[in-house]
2 protein chains.
Amino acid sequence: MSGAVVILSGGLDSTVCLAEAVAAHEPVIALSVDYGQRHRIELERAASIAARYGVEHIEQRLDLSAWGGSALTDASIDIPTATDAAEGPAVPITYVPGRNLIFLSLAVALAEARGCESVFIGVNALDYSGYPDCRPEFIESFRGTAALALRVAVEGAAVVITTPLLDLSKADIVRRGVGLGAPLELTWSCYRGGVTPCGNCDSCVLRAKGFAEANVADPAP
Amino acid sequence: MSGAVVILSGGLDSTVCLAEAVAAHEPVIALSVDYGQRHRIELERAASIAARYGVEHIEQRLDLSAWGGSALTDASIDIPTATDAAEGPAVPITYVPGRNLIFLSLAVALAEARGCESVFIGVNALDYSGYPDCRPEFIESFRGTAALALRVAVEGAAVVITTPLLDLSKADIVRRGVGLGAPLELTWSCYRGGVTPCGNCDSCVLRAKGFAEANVADPAP
């Protein structure tokens, strides 16, 4: 086994993560999840980014929008500005219940089914929105759980979960992406579903801060 | 919070589990996953069982059949007889990579989104097919991971994962179901996708053994 599954949202972080995986593994499978997110455009970007790298792209449909509970899947809940998010609850309303837990579960299952040795996820615990499932302690716990869940574990192997961006600042991620030649111009970060990024949601503000601190012009239109 | 999410396959174990949940919680939401299983009939049974209890039933589509790797989702792989399964690898070919990991992840996410305090799963580590994700150590590890993944954990609460059947024999499960008045006549166990149960796959054999040891006639047609 030497392949890798990469969880690809179509955003900056997961795209840099894909660039890391492509540099080290063959084959690479990009896994995107259509979970009913209002920012549908990120799915199109994910497809374009996977095509750019010539890797297999699996778009898994999983409609969490019927469940409610998040501004990212419920159009009746406003996306807060970064300022409002900072003043709001510790876990903002853009949190999607169980998202990374579900994504990682799907990714390790796909890795096992396809005989891939690794899963890459672009979580980042420094410049992030405060979601509980981006924290290092969650990732570490998931590693132990996945090791018990899978057949490969019974057979004495493991699916390795790799988080190349976990301790990087957003500026470091931008620099890493530029260094790897990642197609940052194709990435989409905005939580809102508009035609152009809003510039004031948490995700837009973190992205702008990253490019500014890296002293790199954002190549996305 | 006092509601519960029950993972309902439409089989014997998950139906007894639903009966347990209905006896203790209100509301109860039954969650079934259409993962491309060849025994489609279990999904119809799950719907009938949920209707019998008058609980909300969510059927989540999640096509794992495209991933391959399991006799339950790949019609080109034969379902082994119980005898063949016993003589085969420790984890039989009917194992679906990551299934309970994915189901539990979806269930805790749904519980959080809907404000339910519990998740019920009918795993059983005694009379079972040897799947790694039915073992008590997997469930225990998942509890810790879910506690780190969810917002409720950050807020000092938890989604409680309940496994009422974990240490029961199949005969005990039959007795429990009868005692609770569960509609065992609606349940479906056979791994094959036929019109009537095959009687010789691992799941049919375990079911027959359970009813026989409980000295109860199987009410399913």
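Scroll up to find the structure this text is about.
Position numbers for residues start from 1 in each chain and track the written sequence from start to end. Each chain takes a letter, starting from A, and each ligand takes a number, starting from 1, following the order in which they are written. It should be noted that, the model being predicted, local features are given only for residues of pLDDT at least 70 and side-chain atom pairs only at 80 or more, the latter also being counted only at that level, while totals for whole chains, interfaces and linings use all residues. To obtain the side-chain values, all non-hydrogen atoms of the structure were included, while hydrogens and water were left out.

**What about the sheet that holds strand β4 (residues 118-120) of chain B?**
Within a sheet, adjacent strands bond to each other through the backbone by hydrogen bonds, running parallel or antiparallel. Residue and element names in this part refer to chain B. Read across the sheet, 5 strands follow the order β3-β2-β1-β4-β5 without closing on themselves; strand pairing throughout is parallel. The sheet is open, and its two edges are formed by β3 (56-61) and β5 (160-162), each paired on a single side. Pairs of neighbouring strands in the sheet enclose a mean axial angle of 25°, with direction left out of account. With 3 bridges connecting them, strand β1 (residues 4-7) and β4 associate as parallel partners. At least two bridges found by DSSP between two strands are what make those strands a pair. Per the convention used, a helix needs a DSSP run of H or I reaching at least four residues, while a strand needs a run of E reaching at least two, with both numbered from the N terminus. Working convention: axes come from line fits to C-alpha atoms, limited for helices to the stretch in contact. Angles between N-to-C directions cover 0 to 180 degrees.

**Overview of unusual backbone geometry**
Residues and elements named next belong to chain A. Between E26 and the following residue, P27, the backbone shows a cis peptide bond with an omega angle of 0°. Looking at the element boundaries, P27 is found in the loop between α1 (12-24) and β2 (28-34). Even without being glycine, N215 reaches a positive phi, approximately 60°. Among the structural elements, N215 can be located in the segment after α8 (202-214).

**Structural notes on helix α2 (residues 41-53) of chain B**
Residue and element names in this part refer to chain B. Here, expected helix span is obtained from the residue count minus one, scaled by 1.5 Å. Compared with the 18 Å implied by 1.5 Å per residue over 13 residues, the 19 Å span of α2 between its first and last C-alpha is a close match. Think of it in three bands: with a 1.4 Å probe and only protein chains considered, a residue is buried below 20% of the maximum accessible area for its type, exposed above 50%, and partly exposed in between. The set of residues buried in α2 consists of I41, E42, L43, R45, A46, I49 and A50. Throughout, a residue-residue contact means that at least one pair of heavy atoms, one from each residue, lies within 4.5 Å. Tucked inside the fold, the buried residues of α2 contact α1 (12-24), β2 (28-34) and β3. Once α2 finishes, G54 follows within two positions and takes phi at roughly 65°, a positive value.

The quantities given are spatial measurements derived from coordinates; they are silent on function.
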